[in-house]
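# Coordinates in review
Each chain is listed here by its residues.
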Amino acid sequence: MKRVGQALALIALSVMGLTACSSSPTVTPACDAAMIAAEQETGESETAILATLDECGTAEDWIVGLQAHPTAGSFTSYTRAEAIDFLDIACIRRIDAVVCIDAAEEGHLTFELDDPRLPELQVPRP
């Protein structure tokens, strides 16, 4: 009887572990598609990665999206901290993007969106 109890406990722990794994953050379809497009962009253009700042709904969506598609940002993988650092840099070029506004509210940016030096660094949308 003791072995049956241990087996049931192991099954329960396994199911709980699978549930925990399945609740990991997911990327919205629009963000996922934008990240895939950024991965496929050739050359030195930053147009596609900057477009992800408009397509992803939140800073968290963008961070998770970049981690899922790291070559969108030219690396082969990103830790969460590295993705946030890259977001900080990308937002310098597109301060009015929804993701950047959310990132500022979440405290992910190292600058203020109303910094008077930023307007000259903005990249126009295509």
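Refer to the structure presented above.
The structure presented is a predicted model; accordingly, all values stated were derived computationally and were not measured. (Residues numbered from 1 in each chain as written. Predicted model: local features only at pLDDT ≥ 70, side-chain atom pairs only at ≥ 80, totals over all residues. Heavy atoms only, no water.)

## Focus: helix α5 (residues 80–91)
Here α5 contains twelve residues, and its C-alpha end-to-end distance of 16 Å stays within 8% of the 16 Å for a straight helix at 1.5 Å per residue. Within α5 the residues assigned to the buried category are Ala83, Ile84, Phe86, Leu87, Asp88, Ala90 and Cys91. On its buried side, α5 packs onto α3 (47–55), α4 (59–68) and α6 (98–106). (Helix = DSSP H or I, 4+ residues; strand = E, 2+ residues; numbered from the N terminus. Expected span 1.5 Å × (residues − 1). Buried < 20%, exposed > 50% of the residue type's maximum accessible area, 1.4 Å probe, protein only. Contact = heavy atoms within 4.5 Å.)

## Thoughts on the packing of aromatic side chains
Applying the stated criterion to the full structure yields three aromatic pairs. Pairing Phe75 with Tyr78 gives two aromatic rings, centres 4.9 Å apart and planes at 15 degrees, and the pair type is stacked. On the basis of relative accessible area, Phe75 is assigned to the partly exposed category, the value being 44%. An aromatic cluster of three or more residues is present, and its members are Trp62, Phe75, Tyr78 and Phe86. (Phe/Tyr/Trp six-rings, centres within 6.5 Å; stacked < 30°, edge-to-face > 60°.)

## Observations concerning the pattern of salt bridges
Under the counting rule described, the total for this entry stands at six salt bridges. The residue Asp54 makes a salt bridge to Arg125 at a minimum N-O spacing of 2.8 Å. Linking Asp54 in helix α3 with Arg125 in the segment after α6, this pair joins segments that are 71 residues apart in sequence. On the accessibility criterion, Asp54 (30% relative accessible area) is partly exposed. Take Arg125: its relative accessible area is 38%, and that puts it in the partly exposed class. Asp115 is the salt-bridge partner of Arg117, the closest N and O atoms lying 2.6 Å from each other. Assessed through its relative accessible area of 60%, Arg117 is described here as exposed. Overlapping salt bridges bring together Asp54, Arg94, Asp96 and Arg125 as one network. (Salt bridge = Lys/Arg side-chain N within 4 Å of Asp/Glu carboxyl O.)

## As for α6
Looking at α6, one finds that the buried residues are Val99, Cys100, Asp102 and Ala103. Axial view of α6: buried residues confined to an arc of 160 degrees, hence all on one face. Elements in contact with the buried residues of α6: α3, α4 and α5. Taken from the residues just after α6, Gly107 is the one with a positive phi, measuring 80 degrees. (Arc of directions from axis to C-beta.)

## A closer look at the state of the cysteines
Scanning all chains against the criterion turns up two disulfides. The partner cysteine of Cys31 in its disulfide is Cys56, sulfur to sulfur 1.9 Å. Taking the sign of the torsion about the S-S bond as the criterion, the disulfide between Cys31 and Cys56, at about 70 degrees, is right-handed. Linking Cys31 in helix α2 (residues 29–40) with Cys56 in the loop between α3 and α4, this pair joins segments that are 25 residues apart in sequence. Paired through a disulfide, Cys91 and Cys100 show a sulfur-sulfur distance of 2.1 Å. With the S-S dihedral at roughly -90 degrees, the linkage between Cys91 and Cys100 falls on the left-handed side. Taking relative accessible area as the criterion, Cys100 reaches 0% and is therefore assigned buried. In the chain, the bonded cysteines, numbered by position in the sequence, are linked as 1-2, 3-4. (Disulfide = S-S within 2.5 Å.)

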